[in-house]
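What follows is each chain in one-letter form.
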Amino acid sequence: MWGDIAIAFLLAFITAFVLTPYTIKIAKKIGAVDIPKDDRRMHKKPMPKFGGPAIIIGFLISTIYLIITSSIEGNLNIFGPEEYYIKLLGFLGGVIVLSFFCFFDDIKGIHPLTKLIGQLIAAGIVVACGVRIDYFNLPFFEGNIMLNNIFSIILTIGWIVGITNAINLIDGLDGLSTGISIISCISLLIIFALNASPLIAIIMITTLVGALSGFLPFNFNPAKTFIGDTGSNFLGFTLSIVSILGIAKTATAFVIVLPIIVLGLPIFDTLSAIIRRLIKGKSLKAVFQADKGHLHHKLIEKGLTQKEAVLLLYGISVACGMFAVILFESDIWKAISFALMVVAVVAIGYKEFFKLKEGEKGMYKCMACGYIYDPEIGDPDSGIAPGTKFEDIPEDWVCPLCGVGKDMFEQI
């Protein structure tokens, strides 16, 4: 199995890494470029947003290769009682439908409701092909709670669409959705390995980690390309389905809880956004209206840089993943004690960290003449408005006193 995992990761990694530069060129030709039109966007210049196809192709090539080789070796039988071949065809059909809608969203933009319809159709295809949440257990209760057919279909479609949107909505900073998806995949892979989950789920989650890892160097701050709606929707869609395949036979009281914990950060952010928009807009239509209330926006407002905010959210995602693994392998009390220790450490360091950030005024001093650039004042004579960070000043800006470039300034 570990040989298959290594091959799955490397093949997907290499494919995505090699293809991403090509997607950057294609994005510029077809108009899949994110232009910063409002203050919600963290980037200041047009950015290609067509990285998704590199991830999708890397994932599919590696997955198909491993399915074929594992079937030849006799380690995997997709035509067995579980009928994985039908489920895989349904997954592929769902990916095609979802990518079709998101492709146009990346190029021209489509109404959120139209995209939701595409997600529902894609989820419906997968469910029709046999991917279902059939039962779940509750802690401290013996036996499975079996779901009737209609409720099973509704719950599964809701899970797939919900996670798809959760990953999509958290895609607001360089490398954020990519990195959180990698962490979530690794956490699920550990759970799958401990649980002796079906090989098909292990292959799919590993190839997804590999494809994302190959894309991340181009997406981490400062990003050269964005994953786009095609990519972020594919991530959530795939994570939701693989989590069902991987825990389908788990004999634990937390069968449906584990993926929720692993994906806790994007789920929390999405639920918060829905509640916030409903309260603010007082209508269902408001749910589809973008805002600046996401966790990453709040962290940036607190004074964190993009990189700091992303790394902090990575840490939260790692904690969620570790909690799920401990909960699965040990017991609930050990998992709770771990969570309490994490909360205690965060509480101790929280105030001091932000005090330190508040003390950083972001002022820079010219090493040639001693001129100090204060972002609260800016440089009105050069057209630099008050509130402009030094990092956001155009590269051709020069010191108003002696005329040297930005490279002659140091932070004080």
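Before reading on, note that the structure itself is shown above.
Residues numbered from 1 in each chain as written. Predicted model: local features only at pLDDT ≥ 70, side-chain atom pairs only at ≥ 80, totals over all residues. Heavy atoms only, no water.

**Digging into the overall build of the protein chain**
And step 1. When helices and strands are tallied, the protein chain shows 13 helices and 7 strands.
And step 2. Within the protein chain, residue pairs in contact and separated by at least 24 positions form 70% of the contacts whose partners lie at least 6 positions apart. (Helix = DSSP H or I, 4+ residues; strand = E, 2+ residues; numbered from the N terminus. Contact = heavy atoms within 4.5 Å.)

**Brief notes about the environment of F226**
And step 1. Considering the arrangement of structural elements, one finds F226 in the loop between α7 (199-219) and α8 (228-247).
And step 2. When its relative accessible area of 13% is taken as the criterion, F226 is described as buried.
And step 3. Spatially, the C-alpha atoms of F226 and T178 are 9.7 Å apart, while their sequence positions differ by 48 residues. (Buried < 20%, exposed > 50% of the residue type's maximum accessible area, 1.4 Å probe, protein only.)

**Considerations on the packing of aromatic side chains**
And step 1. Enumeration over the complete set of coordinates arrives at 19 aromatic pairs.
And step 2. Ring centres of F79 and Y85 lie 5.0 Å apart, and the angle between their planes is 40°; this geometry places the pair in the tilted category.
And step 3. Residue F79 is classed as exposed on the basis of its relative accessible area of 60%.
And step 4. Between Y364 and F390, the ring centres sit 4.1 Å apart and the planes meet at 15°, which makes this aromatic pair stacked. Note that Y364 is positioned in strand β5 (residues 364-366) and F390 in the loop between β6 (372-373) and β7 (409-411), a separation of 26 residues in sequence. Here Y364 and F390 have matching classes, each one buried.
And step 5. In textbook terms, an aromatic cluster arises when at least three aromatic residues are bridged by ring pairs, as seen for Y364, Y371, Y373, F390, W397 and F409.
And step 6. The aromatic ring of F390 is capped on one face by K406, whose charged end is 5.1 Å from the ring centroid. (Phe/Tyr/Trp six-rings, centres within 6.5 Å; stacked < 30°, edge-to-face > 60°. Lys NZ or Arg CZ within 6 Å of the ring centre and 35° of its normal.)

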